[in-house]
Amino acid sequence: MALQYSITAVGTVILQTAVNSLGSDKVAAIAAGQKLQMFFTQPMDMLGATMATFCGQNLGAKKYDRIYKGIKESMIIVVIYGILAFIFMYFCGKYLALLFVDSSETAIIADTQSFLVINSIFYFVLGILFVSRNTIQGLGKSALTMFAGGAELIARSVVALVFVNYWGFNAILSANPIAWLAADIILIQTLLLMIRNIKKESLEAQL
């Protein structure tokens, strides 16, 4: 899990390098947006961490039905939370920016709100990422999640090294959603395959 987070952090550092090239106002906007985003995505992150322990315990106890139920309910929770967070960011993002930016810095406040709104549209995607990744780790296949981390790293690197040259700040706004989607493509397929294998083993054990 530590290595997984390290891989993701490398992508973030590469992206930050691209942000720095856009000027101090953009850097300030992204910094404020990231702080607020970290706060608002913590509930989904913690639910994902809970799923790692929950799935590991129930796998050991061979209570497979509880695993399926936990995955389903946690997915529903993060999707609903993501939608509510987006609505809140849409209407209140510029006011939240005032926690870190002076009211006179109207351009920075506008950029911060843009960051929060664009990213929060995809919070449900990030929530699915948290739940899927931690569930897979809890089921004992931590190494597989590194492929998703690699996908995030590649996505952020491409945005930083290629897209920013053409679309500037708009590319930065799309970096996280693109990385989350890239990771989800791998994680969801992996999780579905693991669930199918667990169900198969469960049926064989009953025979």
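Conventions adopted
- Residues numbered from 1 in each chain as written.
- Predicted model: local features only at pLDDT ≥ 70, side-chain atom pairs only at ≥ 80, totals over all residues.
- Heavy atoms only, no water.
- Salt bridge = Lys/Arg side-chain N within 4 Å of Asp/Glu carboxyl O.
- Helix = DSSP H or I, 4+ residues; strand = E, 2+ residues; numbered from the N terminus.
- Core = buried A, V, L, I, M, F, W, Y, C linked by side-chain atoms within 4.5 Å.
- Buried < 20%, exposed > 50% of the residue type's maximum accessible area, 1.4 Å probe, protein only.
- Contact = heavy atoms within 4.5 Å.
- Expected span 1.5 Å × (residues − 1).
- Bend = angle between axes of the 7 residues up to and from the residue.
- 1 Å grid on protein atoms, 1.4 Å probe; cavity = no way out; pocket = protein on both sides within 12 Å on 5 of 7 lines; lining within 4 Å.
- Points joined across faces, edges and corners; volume = space filled by probe spheres on them.

(A) View of the pattern of salt bridges. The full count for this structure, using the stated rule, is three salt bridges. With a closest N to O distance of 2.8 Å, aspartate 111 and lysine 26 form a salt bridge. Residue aspartate 111 is located in helix α4 (residues 106-120), and its partner lysine 26 is located in helix α2 (residues 24-60); the two are separated by 85 residues in the primary sequence. Each of Arg133, Glu152 and Arg156 takes part in a single network of salt bridges with overlapping partners.

(B) Spatial organisation of the nonpolar core. Judged by nonpolar contacts, the single largest core of 45 residues is most densely connected at Ile71 and Ile172. Among the elements that take part in this core, helix α7 (residues 169-206) stands out by supplying twelve residues, more than any other. Not counting residues within four places of it along the chain, the set of residues in contact with isoleucine 71 comprises Met51, Thr135, Leu191 and Ile195. In terms of nonpolar packing, the next biggest core, distinct from the first, is built from six residues, Ala97, Val101, Ile108 and Ile109 among them.

(C) View of helix α6 (residues 145-167). Helix length check: α6, at 23 residues, gives a terminal C-alpha distance of 30 Å against a target of 33 Å (1.5 Å per residue), a fit within 8%. At alanine 160, α6 is bent by approximately 35°, the largest bend along its length. Those residues of α6 not exposed but buried are Thr145, Ala148, Gly149, Ala151, Glu152, Ala155, Arg156, Ser157, Val159, Ala160 and Val164. Two residues or fewer after α6 comes glycine 168, characterised by a positive phi angle close to 55°.

(D) The arrangement of the layout of surface pockets in detail. Taken as a whole, the largest pocket encloses approximately 540 Å³ of empty space. Taken together, 19 residues form the lining of the largest pocket, with Thr8, Thr12, Gln37, Met38 and Arg156 sitting closest to its centre. Sorting the residues of the lining of the largest pocket by element identifies α1 (2-20), α2, α5 (123-138), α6 and α7 as the ones contributing at least two each. Examining the composition of the lining of the largest pocket, we find that six residues originate from one element, α2, more than from any other.

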